[in-house]
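Now for the letters of each chain:
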Amino acid sequence: KWDSLGRLGEGWSVASVLTLMSGHPFHVNSNFLDDYDGSGEFFGRPDITGAPIYNRSDPTKFLDLSVFKVPCTLNPAGAGFAQDCQFIAGVNTMHFGNLGRNSLLGPDYRNLDFAVIKDTRITERFHLNLRVDIYNITNHPNFASPLLPSFIADAAPNFLDPATGVHLGFLPLTATSDIGLGNPILGGGGPRSVQFAVKVVF
């Protein structure tokens, strides 16, 4: 059947590239909320009280912040500021948060590129090469690390419970990596795009 089509039926080929990668490690800080660890820097790491809770199906609620709390014991009757950190048995409960550096994992990367190529012989010397390249053919969104585009991952976008010091709300993903200053390791992250090319080979 293909032979009966002549040049139309010959010279076809397809190619694809599938990329699957885990996300970048990161950690969160309580950025400019208050000086709960007593360092005077105002962007200390919080304590983590349980296993991280990720919601990879909803980028607006990527990381549940309820497992993070300020690194001191607050007076439940206070307003939730660092001045409400208590002394227990005469000892100040302020300490550096136990969340490890790069102990959390950002969104993964999944991408499928696909190409259709048609090579047609015009003469013994000349060939016409036609191709269609489809990048991110499934149109799967690939989000940048929570550190991008601002270089910080804030554990306190919705502040915290003043009685317990537990952080409230969720850490969202705000940009794909092609917008969030780029991501040369994990790729572009943009929507599906199609490219057509014609080349004469001789």
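A quick note: this is a predicted structure, and the numbers were derived from the prediction, not measured.

(A) Focus on the packing of aromatic side chains. In this structure the tally under the stated criterion is three aromatic pairs. Ring centres 5.6 Å apart and planes at 55 degrees place the aromatic pair Tyr54 and Phe62 in the tilted group. With a relative accessible area of 27%, Tyr54 lands in the partly exposed category. Consider the rings of Phe126 and Phe202, whose centres lie 5.7 Å apart with planes at 40 degrees: the pair is tilted. With a gap of 76 residues between them, Phe126 in the loop between strand E10 (109–121) and strand E11 (127–135) and Phe202 in the segment after strand E13 (193–201) connect regions that are remote in the sequence. The class of Phe202 is exposed, set by a relative accessible area of 67%. Its guanidinium or amino end placed over the ring of Tyr54, Arg56 lies 4.6 Å from that ring's centre, counting from NZ or CZ.

(B) Spatial organisation of the pairing of E10. Inspection of the sheet shows strand E1 (residues 12–21) paired to E10 by 10 bridges, in the antiparallel sense. Looking across to E10, one finds that Val14 is bridged to Val116. Bridging between E10 and E11 involves eight bridges; their strand directions are antiparallel. Its bridge partner lying in E11, Ala115 is registered against Asp133. Between E10 and E11, which pair antiparallel and follow one another directly, the connecting turn spans five residues.

(C) Just a nonpolar patch on the surface, in detail. A contiguous nonpolar surface patch, about 400 Å² in accessible area, is contributed by Ile122, Phe126, Val200 and Phe202. Note on placement: Val200 falls in strand E13. Under the relative-accessibility criterion, Val200 is labelled partly exposed at 45%.

(D) Expanded view of the pattern of salt bridges. The tally for this structure, following the rule as stated, stands at three salt bridges. Notably, a salt bridge pairs Arg121 with Glu10, separated by 3.9 Å at the nearest N-O pair. Taken together, the residues span a long stretch of sequence, with Arg121 in strand E10 and Glu10 in the segment before E1 at a distance of 111 residues. By relative accessible area, Glu10 is classed as partly exposed at 32%. Asp133 is the partner of Arg131 in a salt bridge, and the nearest nitrogen-oxygen pair spans 2.8 Å.

(E) Looking closely at the side chain of Asp35. Relative to the helices and strands, Asp35 resides in the loop between strand E2 (25–26) and strand E3 (47–48). Among the polar contacts made by the side chain of Asp35, one reaches the main-chain amide nitrogen of Ser39 at a distance of 3.1 Å. With sequence-adjacent residues up to four places away left out, Asp35 is seen in contact with Gly40, Glu41, Phe42, Ala82 and Met94.

(F) Inspection of the sheet that holds strand E4 (residues 53–54) at higher detail. An order of E4-E5-E12 is seen for the three strands of this open sheet, with the pairing classed as antiparallel. The open sheet is flanked by E4 and strand E12 (170–171), the only strands paired with a single partner. Pairing geometry for E4 and strand E5 (residues 63–64), over two bridges, is antiparallel. Paired with Tyr54 across the two strands is Leu63, which belongs to E5.

Reading guide: rules and limits
Residues numbered from 1 in each chain as written. Predicted model: local features only at pLDDT ≥ 70, side-chain atom pairs only at ≥ 80, totals over all residues. Heavy atoms only, no water. Phe/Tyr/Trp six-rings, centres within 6.5 Å; stacked < 30°, edge-to-face > 60°. Buried < 20%, exposed > 50% of the residue type's maximum accessible area, 1.4 Å probe, protein only. Helix = DSSP H or I, 4+ residues; strand = E, 2+ residues; numbered from the N terminus. Lys NZ or Arg CZ within 6 Å of the ring centre and 35° of its normal. Pairing = 2+ DSSP bridges. Patch = residues over 30% accessible without salt bridge, like charges linked within 9 Å, V, L, I, M, F, W, Y side chains within 5 Å. Areas by Shrake-Rupley, 256 points an atom, 1.4 Å probe, with all protein chains shown as cover. Salt bridge = Lys/Arg side-chain N within 4 Å of Asp/Glu carboxyl O. Polar contact = N/O pair within 3.5 Å; in protein donor to acceptor, adjacent residues only side chain to side chain. Contact = heavy atoms within 4.5 Å.

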